[in-house]
Amino acid sequence: MATKSRTKPAKASKFSHRALEYNNRRPLPSQTVKSVETDLAYSRRDLACNSALDLEENLALVGWAIRTWLAFTASFKFQANTGNDAKNALLEAHVAERTRARNCDRQRITSLWQMLRAYAGLRVLFGHSLILKSQFGKLQHIEGWQIAKGKGAPKNVNDYGLVMDSDGAAVEKYAICTGPNSGDLKHKQLVGWEDAIFDRFGLRPSGFLGVSPLLPAMETARYYMTASEFYWFKIKIASMFGLAIFGEDNTSGKLGFQYHEGGSSTDENATGTAEVKPLQYDLKPGLKLHLNKDSRAEFLESKSPPAEFLAYAKHSIRLILSSLNIPYSLYDSEGSSYSAQRADFNLFKQTAMEEREKNQQAGHDALEHLLRFDDAAGLLPKGLRSEEHTSELQSRFGISYAVFC
């Protein structure tokens, strides 16, 4: 009779991914992979936008980090390169006037260069940003939360404010809304992708709207802001008390203060002297205390924040700045050598180059829209009009940018 072979279960390989094994120390994430749009659907995306705005408005560190980021990635000026000095001067003069707020912005609020900076800054906060190529040769900056499915939107607008192509693989149109807040939006218009300058943060192609790079650091930033306010409150409480006198009960001895022996009175009808209560005295310059031999006086001072909090604050600041690839030495150079600062600075410039190229391309597209309208309307200076040239706009005008120095 054949006997059944008993085989022991194979042991787990020591080379397996232990990070995927369940343990009770830290719960594993869900086994269901979600698309970016599903993960940030409905109120979750609004919550992410509001969290970023709150930090930018109330935590100076985040505002400084974004402004520093923009200084490297979104500061441009126009420089003509037609190959002819006279034409360069004509074109640069025309662009300088054309890019003023009243001539390029539909809302007449910002110049083109300020709009590009806001475009890049709101892309950091919301994860995406859009500039609308408006009619009559104007531009209009649209905030990320205004791309949504508002009241009265056409049926082909999905829940994220997008109209997709038949395969669902590309955006055909963006639904632009108006309203006082993201909870009360009314549909305004559909904008085709060719009439929009749009860009987003994020690596995953399943997300047609972006994800703010600040999102991983938001929780850390809120904890840091709360802890800072707590320690400032402790310092304020400690500062309410000025001087502590250690020794015998000072109501039984005078300790240099003339208790119960009179003083000036503020009552005009008083014939005597006012009585001064114990411990009611002012700390004034030149005050002299006469204390007993075994007594002492000390000013109260706050012993906070402790060294542990300072270390925690430094660690938190590093994590917050790392969301935008900003080195800590750029924020606080104390204790950092010149060579280390230079290495950090060069690395940051290298990481910022990709974002700078994206913003630069947005500037090209925006300026091309303005100049194409001027070309068609005959508003270009004589010597730059289309009838005098046969090349395309890009090569004819030689649009290029240079960083502000």
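Quantities reported herein were computed from a predicted structural model and do not represent experimental measurements.

A sheet is described by the order of its strands in space; here three strands give the open sequence 4-5-6, paired in antiparallel fashion. Two strands lie at the open edges of the sheet, namely strand 4 (162–164) and strand 6 (184–192), each paired on one side alone. Strand-to-strand twist across the sheet, computed as the mean angle between neighbouring axes with direction ignored, equals 20 degrees. The sheet contact formed by strand 4 and strand 5 (residues 171–181) spans three bridges and is antiparallel. By the bridge assignment, Met164 is partnered in strand 5 with Val171.

We now examine the packing of helix 2 (residues 43–58) against helix 3 (residues 60–73). It is at 5 Å that the axes of helix 2 and helix 3 come closest, and there the two elements cross at 95 degrees. Our classification of the angle between helix 2 and helix 3 gives roughly perpendicular. Of the residues in helix 3, those touching helix 2 at Leu55, Glu56 and Asn58 are Ala60, Val62, Gly63 and Ile66. Residues that form the contact of helix 2 with helix 3 fall into these classes: four nonpolar, two polar and one charged.

What follows covers the confidence of the model for the protein. Residue-level pLDDT values for the protein average 82, and 77% of them are 70 or greater. Across residues 401–405 the pLDDT falls below 50, and counting only partners more than four positions away or on other chains, this stretch makes 18 contacts in the model.

Attention now goes to the packing of aromatic side chains. For the coordinates displayed, the defined rule picks out nine aromatic pairs. When the ring of Phe230 is compared with that of Tyr231, the centres are 5.2 Å apart and the planes differ by 75 degrees; the resulting orientation is edge-to-face. On the basis of relative accessibility, which here comes to 46%, the residue Phe230 falls in the partly exposed class. We classify Tyr231 as buried; its relative accessible area is 17%. Consider the rings of Tyr231 and Phe309, whose centres lie 4.3 Å apart with planes at 45 degrees: the pair is tilted. Placement of the pair is Tyr231 in helix 7 (residues 218–239) and Phe309 in helix 8 (residues 307–322), with a sequence separation of 78 residues. These aromatic residues form a ring-pair network of at least three members: Trp69, Phe72, Phe345 and Phe348.

Spatially, three strands are ordered 3-2-7 in an open sheet, and the strand pairing comes out antiparallel. With partners counted over all chains shown, the strands left at the sheet margins are strand 3 (138–142) and strand 7 (196–200), one partner each. Adjacent strand axes in the sheet meet at a mean angle of 15 degrees when their direction is disregarded. Bridge count for strand 2 (residues 128–134) against strand 3 is five bridges, and the pairing is antiparallel. Note that in strand 3 the partner of Leu132 across the bridge is Gln140. Packing of helix 10 (residues 338–377) onto the sheet brings it into contact with strand 2, strand 3 and strand 7, and relative to strand 7 it is tilted by some 175 degrees.

Below, the discussion takes up the nonpolar core. Leu59, Ile66, Leu214 and Leu324 are the most contacted members of the largest nonpolar core, which has 37 residues in total. Listing elements by their share of this core, those giving two or more residues are helix 2, helix 3, helix 6 (112–126), helix 7 and helix 8. With residues near it in sequence (within four places) discarded, Leu59 still touches Asp54, Ala221, Tyr224 and Met225. With 21 residues, the next largest nonpolar core counts Val95, Tyr119, Leu367 and Leu371 among its residues.

How each quantity is defined
Counting of residues starts from 1 at the beginning of each chain's written sequence and follows it residue by residue. Thresholds applied to this predicted model are a pLDDT of at least 70 for local features of residues and 80 or more for the giving and counting of side-chain atom pairs; totals over whole chains, interfaces and linings are not thresholded and use all residues. Side-chain calculation: all heavy atoms of the structure are included, whereas hydrogens and water are not. Two strands are counted as paired when DSSP detects at least two bridges linking them. By the criteria applied, helices consist of DSSP H or I runs no shorter than four residues and strands consist of E runs no shorter than two, each listed in order from the N terminus. For helices, the axis comes from a line fit to the C-alpha atoms of the stretch in contact; other axes are also lines fit to C-alpha atoms, and the angle between any two N-to-C directions lies between 0 and 180 degrees. Our angle categories are set so that under 35 degrees counts as roughly parallel, over 145 as roughly antiparallel, 65 to 115 as roughly perpendicular, and the remainder as oblique. Throughout, a contact is declared for two residues whenever any of their heavy atoms are within 4.5 Å. All amino acids are sorted into three groups, where Ala, Val, Leu, Ile, Met, Phe, Trp, Tyr, Cys and Pro are nonpolar, Asp, Glu, Lys and Arg are charged, and the leftover types, Gly among them, are polar. The score called pLDDT rates the predictor's confidence residue by residue, from a low of 0 to a high of 100. Only Phe, Tyr and Trp rings take part, Trp by its six-membered ring, and two of them pair if their centres are within 6.5 Å. Stacked means planes under 30 degrees apart, edge-to-face means over 60, and tilted covers everything else. When a residue's accessible area, from a 1.4 Å probe over protein chains only, is under 20% of the maximum for its type it is buried; when over 50% it is exposed; and in between it is partly exposed. Here, nonpolar core refers to any group of buried Ala, Val, Leu, Ile, Met, Phe, Trp, Tyr and Cys residues whose side-chain atoms link them within 4.5 Å.

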